[in-house]
Amino acid sequence: MSTAAVKLETKTFLLALPGLLVLLVLTALIGYGLFTGDEARRAVTADLTNFESTIHSEFKQWRDDLEKTETSGAVASPYVARAMNIRLPATLRPGVLADFAIGAGDMHPTTADISPWNNPVNLFSHYQVQNPTLLAIGRFDLTFIVVALVPLLMIAVSFDIPGQDRARGTLRLVAAQSPGLTGFIWTRLVVRNLAIWLLVIGVAACAVLANAHGTPWPDRLVRFLAWAAVALLYGAFWFGLIALAVAFLKRSEIVAAALIALWSALVLAVPALTDAVGDAAYPPPSRLAYLSEMREAQSEANREVDRLTRGFLLDHPELTASEEATPKFDRSAYLANQEVDRRTGPIQAAFARSRADRRRVMALAQYLSPAVTAWEALNALAGADLERYMRFQDRARQSLRELSAFVGPAVVSGQRVSVADVDAFDAWSFPETPLTRVLSGRAFPLLYLLVAAVALIAFARRRLRASLELLL
Amino acid sequence: MSGALVLKALLWKELQVLLRNRTAVALGLALIVVVLAAAALGRQRSERIAIEREGAERTDQQVWLGQGERNPHAAGHFSRYAFKSFPFLSGFDPGVADFAGLAVWMEAHVQSPAVFRRAEDNGDGLRMGSVTPAWILQVIAPLFIFVALHATVAGEREDGTLRQLSATGVRGISVICGKLAASGIALGSVLVPAVLAAVLIAAPQEAGAVPDPWLRTTVLVAAYTAYFIVIALVAIGISSLFRQRRSALLALVAFWVVGTVLAPRLGADVAVRLFPEPTAEAFRKGLAEAGDPNWNDPEFLKQEKARVLARYGVDRVEALPFNYAGLQLQRSEERASPRFQAFYGGLNRRQDRQERVLRLVSLASPALALSHLSAGLSATDRLHHRTFVDAAEAHRRRIMKQLNTDIRDNAGAAGYDYIADASLWRTVESFRHASPAFTPLARHYLPSVAVLLSYLAAGFCFALWAFSRAVDRSARA
């Protein structure tokens, strides 16, 4: 690259008012996005801590009561230390880079009360309380800035290279004096766009250290390196697109119009169309039908509790029903929830299938729009992707089934569980997806993005090396 | 040369220039096609949702009537669901319909929030836009107008024809009116039919009714027309500020990005930061505290019992001429009602304040003002959702009163062993709700109307001032 061109760009753009303004606005936006993300993460963490401590304290009280009934030997009231009253907290902690993306976190539950009183339909409750107007608009986080706004800034600083010089007539002067016009144009493009991306990565890197809040910073650093690589790959794609437009189109106005049209298509239109196509082709099952199935199951179970009890005891020949240690209502509630789980299982499976089908449509969309690829990958690296929240819900339902299977024999036969069995029962765990799997699951779209970026840059350079008449 | 002739000549010339802009013509045609396709998709979606809802209502009634014999209080805990209807313009502008709950469980002792948001089943998208007529007209149509009009004055300055125009002595206001009229005819012939057709296609014949569909539709079309005029005025004004087409286009695109992409998101974020919403755990705790004033207040229970016994001149509840448990249950509902009202009132007030922040931000974004008005007229905004939630709560209280009164009057000595059957369940009416008329709610939308009208007036003044400045500068150049 020409040193003179770098110095020229630094003096006329980076240190001049327009350039400083662009970089200042970008810094402010990134800073605000990271601040918002960090605040959201802290709010979620505080909420989870409160939730866990409430349930743990109630569980401790329950366990103490159970221990007393075991050690005292006296006949306790059926309402003391009931098996149905075991509660365990299921929580989804914020991802390692949660301050980089809010993602699906503003719409989906991060807590579940694992209790035999709940069934898979009503397991997640009271989280749908946000202002729907604000939900519909979406949040302002770093991922949104990188995917939607940074390409616009790249277009804004690059579209008039070399159109402005061409219009003023100074391009011919530069061509006459400079050994390579290509290098001159290329240097200007690189300097301006590199400045933008160095700022993005630099500010984000500072946040990795400043916003750690107890997360081991080596974990954050490794994730951040992957995040930065994906972000830069996305930036490289846009750089290639901008360079190609600059190389092929002569008038700055046409370059700007073409690039804005491409941005609108890739960032707005394609993702919106993909959602619409996914919704039309693979509509999710009706939540209302899911609800209806739950209600029918509950109603039937309430009417048929004796039949269900007999059925349960047939499956557990080692048990006999007793009215002494647990209220009868516990049994009917437990069996009703078992019926709900059984009958809504197919609908749950249909939701999962619909989600998988829509994911396939979105996977195809990644090859049409790099914004979709970048959005998915950056959210997944930050731990804010929809799949992670869905896995949490699936794991919570599984945990509920495990707890129900654990307490079921005791509840239906009217007995208590033992302290030893309770202590041996596995508490909640949620295994995170390793970084290698997050990346390998997105390997093809990212590779496609890399190939597209390289191809665009190569074509642009080839065009810029074309004969001088074409450039002038 | 008379003013009318000048205007006619300007109009004809501007129309020719616009029609020769092949990019703009192609974009305009594409816009019509996309809007109509979106309207058809919206209608299909509305009809599908309506079918789902009708099925859920039928099942809910069947399940309620078929629950067999049981204690009415147990039935009150099983209770019924209220399902939200989707108004007839939801296909045109779904507003917040996907982000607000579809159903409310009308359970005893608890005012539950609305549940089942359709957006949770959607993909993991950028949430940058949706293929609905309203979004396309609010976000994409301005871009089309800017592409069509960015060179309307800047192009004349760049080509040197503005000096010639000003040398003829024609007044600035005549030129503005001519350009605006030409833009209005050219763009209006694309956009207004698109809006009308979209409204007609997106409105299914049998959908949740509003009592004033024609008023809403007329005001909606007027609002979008005013918006397009504002955008055209901004385009003409900004075009007048610059000497070159490319600078004008860049400035207009920057205005568009700030108004449609940046301002709404930043505004929503600032709103949440200034007025944060309760966390899920805080909400649960608050709701539990609001709903349980009776059974954890032994002093109140004792006083209440003494009062009732004294009133009927007996010394024990078994001697009362009705079942005391039924009375207690109803008292607990009545005691909890104002607490629920205060709890949800606090939440609503916070959300109102959040939206006031958005109204302020709409000063920088006419698109935000229009989106508020459009969703309101389509009956798909948060305000209309609240009327559904409030109606569900009123119905819940009616149901609980019916069931508790039945226990009070008929349970006798049986107490909680008293059982009722389908003859009682049949007396409980199904939930019915229609969106309210727009006129009583109109005051909530006045700020957005004021923003649009202000933009209209300011836009005209700005275009006139900018054009006069451009003429002046080109004359001096």
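Note that this is a predicted model, so its numbers are computed, not measured. (Residues numbered from 1 in each chain as written. Chains lettered and ligands numbered in written order. Predicted model: local features only at pLDDT ≥ 70, side-chain atom pairs only at ≥ 80, totals over all residues. Heavy atoms only, no water.)

The number of helices and strands found in chain A is 18 helices and 2 strands. Each of the three principal axes of chain A carries a C-alpha extent, and together these read 105 × 45 × 35 Å. Counted over contacts in chain A with a minimum sequence separation of 6, partners at least 24 positions apart contribute 86%. Carbon and sulfur atoms form 63% of the exposed surface of chain A, whose accessible area is close to 19400 Å². (Helix = DSSP H or I, 4+ residues; strand = E, 2+ residues; numbered from the N terminus. Contact = heavy atoms within 4.5 Å. Areas by Shrake-Rupley, 256 points an atom, 1.4 Å probe, with all protein chains shown as cover.)

The next subject is unusual backbone geometry. Geometrically, the link from I161 of chain A to P162 of chain A is a cis peptide bond, its omega value of -10° lying close to zero. Assignment of secondary structure puts P162 of chain A in the loop between α4 (142-158) and α5 (163-168). Notably, H109 of chain B is not glycine yet its phi reads approximately 70°, a positive angle. Relative to the helices and strands, H109 of chain B resides in the loop between β2 (103-106) and α4 (133-149). For H109 of chain B, a relative accessible area of 18% corresponds to the buried category. In this structure, F116 of chain B takes a positive phi of about 65° despite not being glycine. Structurally, F116 of chain B is set in the loop between β2 and α4. (Buried < 20%, exposed > 50% of the residue type's maximum accessible area, 1.4 Å probe, protein only.)

In this section: helix α17 (residues 443-464) of chain A. All names here are of chain A. End to end, α17 covers 31 Å across 22 residues, agreeing with the expected 32 Å (1.5 Å per residue, within 8%). For α17, the complete set of buried residues consists of P445, L446, L449, A452, A453, L456, A460 and L464. Along the axis of α17, the buried positions cluster into a sector of 120°, meaning they face one direction only. Looking at α17, the residues exposed on the side facing more than 90 degrees away from the buried face are F444, V451 and R462. (Expected span 1.5 Å × (residues − 1). Arc of directions from axis to C-beta.)

A few words on the packing of helix α8 (residues 217-248) of chain A against α17 of chain A. The relative placement of two packed helices comes down to the angle between their axes together with the axis-to-axis distance. Residues and elements named next belong to chain A. Two elements in contact, α8 and α17, have axes whose closest approach is 8 Å; the angle formed by their N-to-C orientations is 30°. Classed by the angle they form, the pair α8 and α17 counts as roughly parallel. Seen along the crossing, α8 lies across α17 with a hand that is left-handed. Only L446, L449, L450, A452, A453, L456, I457, F459, A460, R463 and L464 of α17 make contact with α8, whose side of the interface consists of V230, L233, Y234, A236, F237, F239, G240, L241, A243, L244, A247 and F248. (Axes fitted to C-alpha atoms, helices over the stretch in contact; angles between N-to-C directions. Parallel < 35°, antiparallel > 145°, perpendicular 65-115°, else oblique. Left-handed = near helix turned anticlockwise from the far one by under 90°.)

This part takes up the interface of chain B and chain A. Contact with chain B, which involves 81 residues of that partner, is made by 80 residues of chain A. Buried surface at the junction of chain B and chain A, both sides included, amounts to about 7300 Å², of which 62% is carbon and sulfur. Linking chain B with chain A are 7 salt bridges, by the criterion used here. Two residues, D279 of chain A and R48 of chain B, come together in a salt bridge whose shortest N-O distance is 3.5 Å. For the pair chain B and chain A, the number of links is 28 residue pairs in polar contact (both at pLDDT 80 or more). Mapped onto the side of chain B that touches chain A, the elements with two or more residues apiece are α2 (22-65), β1 (80-83), β2, α4, α9 (245-274), α10 (280-291) and α12 (324-361) of chain B. (Buried area = accessible area lost by both parts, 1.4 Å probe. Salt bridge = Lys/Arg side-chain N within 4 Å of Asp/Glu carboxyl O. Polar contact = N/O pair within 3.5 Å; in protein donor to acceptor, adjacent residues only side chain to side chain.)

All right, on to the packing of helix α10 (residues 287-303) of chain A against α2 of chain B then. α2 of chain B packs onto α10 of chain A with a crossing angle of 10° between their chain directions and a minimal axis gap of 9 Å. Classed by the angle they form, the pair α10 of chain A and α2 of chain B counts as roughly parallel. Contacts from L288, S292, R295, E296 and S299 of chain A in α10 of chain A reach E52, R53, A56, T59, D60 and V63 of chain B in α2 of chain B. For the contact of α10 of chain A with α2 of chain B, the per-class residue count stands at 3 nonpolar, 3 polar and 5 charged. (Nonpolar A, V, L, I, M, F, W, Y, C, P; charged D, E, K, R; others polar.)

Here we take up the pattern of salt bridges. When charged atoms on two side chains of opposite charge get close, those side chains can pair. Scanning the entire structure with this criterion turns up 54 salt bridges over all chains. Here R118 of chain B ties to E52 of chain B by a salt bridge, and the two come within 3.5 Å at their closest N and O atoms. One end of the pair, R118 of chain B, is in the loop between β2 and α4; the other, E52 of chain B, is in helix α2, with 66 residues separating them in the sequence. For R118 of chain B, a relative accessible area of 12% translates into the label buried. The partner of R80 of chain B in a salt bridge is D60 of chain B, with the nearest N and O atoms 3.0 Å apart. A residue pair is termed long-range when its members are at least 10 positions apart, and R80 of chain B in strand β1 and D60 of chain B in helix α2 qualify at 20 residues. Exposure remark for R80 of chain B: the relative accessible area of 3% places this residue in the buried category. Because the salt bridges share partners, they merge into one network encompassing D279 and R358 of chain A together with R45, R48, E52, D98 and R118 of chain B.

Chain-level pLDDT for chain B is 88 on average; 97% of the residues reach the 70-or-more range. Model confidence for the complex: the whole-complex pTM is 0.90, and ipTM, which rates the interface, is 0.91. (pLDDT = per-residue confidence, 0-100.)

Residues and elements named next belong to chain B. On the secondary structure map, Q138 appears in helix α4. Here Q138 falls in the buried class, since its relative accessible area comes to 8%. Taking the C-alpha atoms as reference, Q138 lies 19 Å from L446; in sequence the two are 308 residues apart. In this structure, Q138 is in contact with D93, Y224, Y227, T260, A367, L370, S371 and S374, ignoring residues within four places of it in sequence.

Right, let's get into the packing of aromatic side chains. Inspection of the entire model under this criterion finds 31 aromatic pairs over all chains. Seen from their ring centres, Y227 of chain B and F228 of chain B are 6.0 Å apart, and the 50° between their planes marks the pair as tilted. Taken individually, Y227 of chain B and F228 of chain B each receive the classification buried, so the pair is uniform in this respect. Above the face of the F13 of chain A ring, R192 of chain A is positioned so that its terminal group lies 4.3 Å from the ring centre. (Phe/Tyr/Trp six-rings, centres within 6.5 Å; stacked < 30°, edge-to-face > 60°. Lys NZ or Arg CZ within 6 Å of the ring centre and 35° of its normal.)

A few words now on the side chain of N348 of chain B. Residues and elements named next belong to chain B. You can see N348 is positioned in helix α12. Judged by relative accessible area, which is 17%, N348 ranks as buried. Here N348 is in contact with R382 and R386, once residues within four sequence places are set aside.

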